[in-house]
Protein chains: 2
Amino acid sequence: MRDVDIIGVGLTSFGKHLDKSLVDLGGMVAIEAVKEAGIKPSEVNIGFFSNMLAGSIFTDFTIGENVLWQAGISRVPVFNIENACTSGSSAFNLGWMSVASGAYDIAIVVGAEKLIVPNLGMMQAGKTELDTLEGLVVPTAFAMRANLHMKTYGTTKEQLAMVAVKNRRHAGLNPRAQFRKPITIEEVLNGPTIADPLTKLSCCPNADGAAAIVLCVSDLSRRYNSRPVRVAASVLQTGSYENPCNLAVWDADRRASRIAYEKAGLGPKDLSVVECHDAFTISEICHYEGLGLCPEGEGGRFIESGATTLGGKIPVNPSGGLLSKGHPIGATSVAQIVEGYRQLRGEAGDYQVEGAKVFMAECMGADKAGDVKTCTVNILKI
Amino acid sequence: MRDVDIIGVGLTSFGKHLDKSLVDLGGMVAIEAVKEAGIKPSEVNIGFFSNMLAGSIFTDFTIGENVLWQAGISRVPVFNIENACTSGSSAFNLGWMSVASGAYDIAIVVGAEKLIVPNLGMMQAGKTELDTLEGLVVPTAFAMRANLHMKTYGTTKEQLAMVAVKNRRHAGLNPRAQFRKPITIEEVLNGPTIADPLTKLSCCPNADGAAAIVLCVSDLSRRYNSRPVRVAASVLQTGSYENPCNLAVWDADRRASRIAYEKAGLGPKDLSVVECHDAFTISEICHYEGLGLCPEGEGGRFIESGATTLGGKIPVNPSGGLLSKGHPIGATSVAQIVEGYRQLRGEAGDYQVEGAKVFMAECMGADKAGDVKTCTVNILKI
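All of these numbers come straight from a predicted model, not from anything done at the bench. (Residues numbered from 1 in each chain as written. Chains lettered and ligands numbered in written order. Predicted model: local features only at pLDDT ≥ 70, side-chain atom pairs only at ≥ 80, totals over all residues.)

1. Section: the overall build of chain A
1) Next: What chain A contains, in helices and strands, is 14 helices and eleven strands.
2) Next: Computed over C-alpha atoms, the radius of gyration of chain A comes to 19 Å, within 12% of the 21 Å expected from 2.2 N^0.38 for 382 residues, which places it in the range of a compact globule.
3) Next: If one aligns the C-alpha atoms of chain A with their principal axes, the spans along those axes are about 55 × 45 × 40 Å.
4) Next: In chain A, which comprises 382 residues, the proportion classed as buried is 64%.
5) Next: For chain A, contacts bridging at least 24 residues in sequence account for 78% of all contacts bridging at least 6. (Helix = DSSP H or I, 4+ residues; strand = E, 2+ residues; numbered from the N terminus. Rg over C-alpha atoms; globule rule 2.2 N^0.38 Å. Buried ≥ 20, exposed ≤ 12 C-beta atoms within 10 Å, placed from the backbone. Contact = placed C-beta atoms within 7 Å.)

Here it is as structure tokens:
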């Protein structure tokens, strides 16, 4: 496999974009990424578009072709990818593979989602899933995880709340984040319960948004970009789906990150900054452990130590994370990687991690038999 | 890129499967394909699942993970792919790339769709598309093509009808086809008009169905299968989307097939048998021309000559095609390739093309600016 670099990115703010269609949003970031990469649209060899819910919300199909056409990209292979919350990073993984393999030299990955719509309803794993029919919509599944983590490891509600407080503090530094006003542990704990122990501020909000990335084989990338960012590893793994499984330990996270570390020749201690899938406060705690940032069961104490705040040992979600930015599903995990590109180039503005050299983006999606259904880990370096 | 072989396939009948869920159907063919390949489920390195409408019909997501779990496949990357009617062949193209690239040795591709549901409604390109809002649902777009083809090239309604009659005659030989009773040109012409000149029998019916393929790097394939079928070329192209475009000439078809012929080192005259996307009678006529089976404008006279019937110069859709089998969208273009595997191995039963050595599967999907939005061409050989 060949080395692959990121040479251009595009990103909208996350929040309400009521005047923009999904295709508008995707087209905007595709144009931005192509422009930053300094390529002509006709130099793009292949495209991947990620979205989760436009089929069910808008009865819309083959959206990627429409999105890329906005950026002048046609006559190339285009694929539409869905993998729940990891839709974007799954598209990225395929884009990386298409270039790393030697099949194509330049690929574009675009993720977009519009969720600020009437009657979106409760997020669930699919209305034909037995779990969903029995009431196990997404927040309840994560509440079960939180309860088990608290019982098994002594994690406290206050520690869970610290994740939301930290990420909101970070979001205050990010002009593209949806919610930027600082919050307190008390506000998190005393908010309305969504699924005990998760309160409203423990759950990520909906958002519209889009993100795009142009990938280029490393041999050519400096023709276009004087400071390309290397994809050191791109890994997607699905769960084991063993039942019963331990809801508080995420096998897919561990497996995907272990493979990624091995491919990159790096370990947790080499990471400068991490963006992870904090759809719920408990998620970030479990990711600390799954990614090897701290030992199993220590996630609650790890957030409390301040290690993952900006200025700490390993800042996690300096952008504000899903908890403050919102979660436009198809865009989310592309946007995480965009954040990494900017961090490693020193372009993250007020939430820059000084001297960042190695970045990890982690995302997970959906449930099956209590296990995480899909997990992606991408490591970037400069 | 490495050579890639097909080592196992699975296929349901196309029609009503009211007692089976989408996951049941997909799981059945995945198990069948793994069994035929003679591999253990744990030997599958990566999976691709194609479906178009389950998001909008069933509000269902990450279906591929559930489908492959039925076949004992977990802990590997799994992707869910949508590309309208080419969803299945897009998944196949990615499966091929994942093995050809050297990234993985064994991939599984599964396509499944359930369309026999209440209130499916008229097929359209997406409810947010201007074309659709203006009334250009799928049958009307193809009726425009038929009218232009008739006006430009002198193609007759009788010639269009001959496509339906031929494919129904073929379907009589295929126990897995949905409609098998012979029909006449008069019955096609005198049926209820859907969009003039297309009558009911000029349009493919809906169906439930599923198909699966196991791909293996050629160096290893004979360990599992004594007569593997080689993927000589796998190509996906999107349209040019130039507006105005000539509705009767399909640029994406021409471009994709030209690339495929070049990659395979073969030409139209080398083909033994073709399965193409006869969603409407006019489609097959246009595909004859786009794929180079006959000169531009000659498609009507080509069907009339008998060249494309079983026993003719180049049999097209010996399985009965979409017009007789039905069109379970996510499964359709995987099933076409399954037909090719069986034809080349002499296992196509009563609709076997004697001595078949080279097979082409063509599929197209959706419209944009009058152009075909996406087109796939796969060439197999033995």
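This is not the end of the story, as more comes after the structure.
2. Some words on the nonpolar core
1) Next: By size, the foremost hydrophobic cluster in this structure holds 270 residues, and its most contacted members are A212 and I213 of chain A together with A212 and I213 of chain B.
2) Next: In contact with I213 of chain A, other than residues within four places in its own chain, are I6, V9, A33, F92, V109, V334, I337 and V338 of chain A. (Core = buried A, V, L, I, M, F, W, Y, C linked by C-beta atoms within 7 Å.)

3. Overview of helix α4 (residues 87-100) of chain B
Residue and element names in this part refer to chain B.
1) Next: Look at α4: 20 Å from first C-alpha to last across 14 residues, which is about the 20 Å you get at 1.5 Å a residue.
2) Next: Counting buried positions over the 14 residues of α4 gives 14, a clear majority of the element.
3) Next: Just downstream of α4, G102 is the residue with a positive phi angle, here 90 degrees. (Expected span 1.5 Å × (residues − 1).)

4. Concerning the interface of chain A and chain B
For an interface, size is often stated in terms of accessible area lost upon the parts coming together.
1) Next: Taken together, the contacts link 48 residues of chain A with 48 residues of chain B.
2) Next: Secondary-structure elements contributing two or more residues to the side of chain A that touches chain B are α2 (54-58), α3 (63-70), β3 (78-82), α4 (87-100), β8 (229-238), β10 (358-368) and β11 (371-381) of chain A.
3) Next: Residue classes in the side of chain A that touches chain B are distributed as 18 nonpolar, 22 polar and eight charged. (Nonpolar A, V, L, I, M, F, W, Y, C, P; charged D, E, K, R; others polar.)

5. What about the relation of the copies chain A and chain B?
1) Next: In screw terms, the move from chain A to chain B is a rotation of 180 degrees and a rise of 0.0 Å along the axis, fitting with an RMSD of 0.0 Å. Given the turn and translation reported, the copies of this chain are related as if by a two-fold rotation axis. Among all residues of chain A, the minimum C-alpha distance to the rotation axis is found for S56 of chain A, at 1.9 Å.
2) Next: Of the interface residues in chain A, 100% have counterparts in chain B that sit at the interface too, so the contact is made through matching surfaces. (Least-squares fit on C-alpha atoms with pLDDT ≥ 70 in both.)

6. Considerations on the packing of helix α6 (residues 138-153) of chain A against helix α11 (residues 281-290) of chain A
Residues and elements named next belong to chain A.
1) Next: Running from N to C, α6 and α11 point in directions that differ by 55 degrees, and their axes come no closer than 9 Å. In this view, α6 runs oblique relative to α11, as classed from their interaxial angle. Between α6 and α11 lies a crossing of left-handed hand. On α11, the residues that touch F142, R145, A146 and H149 of α6 are I282, S283, I285 and C286. (Axes fitted to C-alpha atoms, helices over the stretch in contact; angles between N-to-C directions. Parallel < 35°, antiparallel > 145°, perpendicular 65-115°, else oblique. Left-handed = near helix turned anticlockwise from the far one by under 90°.)

7. Comments concerning the pairing of β3 of chain A
1) Next: Buried residues dominate β3 of chain A, accounting for five of its five residues.
2) Next: Of the two faces of β3 of chain A, the one holding V78, N80 and E82 of chain A and the one holding F79 and I81 of chain A are both buried throughout.
3) Next: Alignment of strand β2 (residues 46-50) of chain A against β3 of chain A, held across four bridges, turns out to be parallel. Opposite S50 of chain A, over in β3 of chain A, you have I81 of chain A as the bridge partner.
4) Next: With three bridges joining them, β3 of chain A and strand β3 (residues 78-82) of chain B adopt antiparallel strand pairing. If you follow N80 of chain A over to β3 of chain B, its bridge partner there is E82 of chain B. (Pairing = 2+ DSSP bridges.)

8. Some details on unusual backbone geometry
1) Next: Omega for the bond connecting D196 of chain A with P197 of chain A falls within 30 degrees of zero, at 10 degrees, which places this linkage in the cis form.
2) Next: Note that P197 of chain A resides in the loop between β5 (193-195) and β6 (198-199).
3) Next: One non-glycine residue, T59 of chain B, adopts positive backbone phi at about 50 degrees.
4) Next: Inspection of the secondary structure assignment puts T59 of chain B in the loop between α2 (54-58) and α3 (63-70).
5) Next: Within the chain, A366 of chain B stands out as a residue other than glycine whose phi angle is a positive 60 degrees.
6) Next: Checked against the element boundaries, A366 of chain B lands in strand β10 (residues 358-368).
7) Next: The buried category is assigned to A366 of chain B, around which 26 C-beta atoms lie within 10 Å.

9. Points about the confidence of the model for chain A
1) Next: Overall, the predicted model of chain A reaches an average pLDDT of 95, with 98% of residues at or above 70.
2) Next: Listed scores for the predicted complex are pTM 0.97 and ipTM 0.96. (pLDDT = per-residue confidence, 0-100.)

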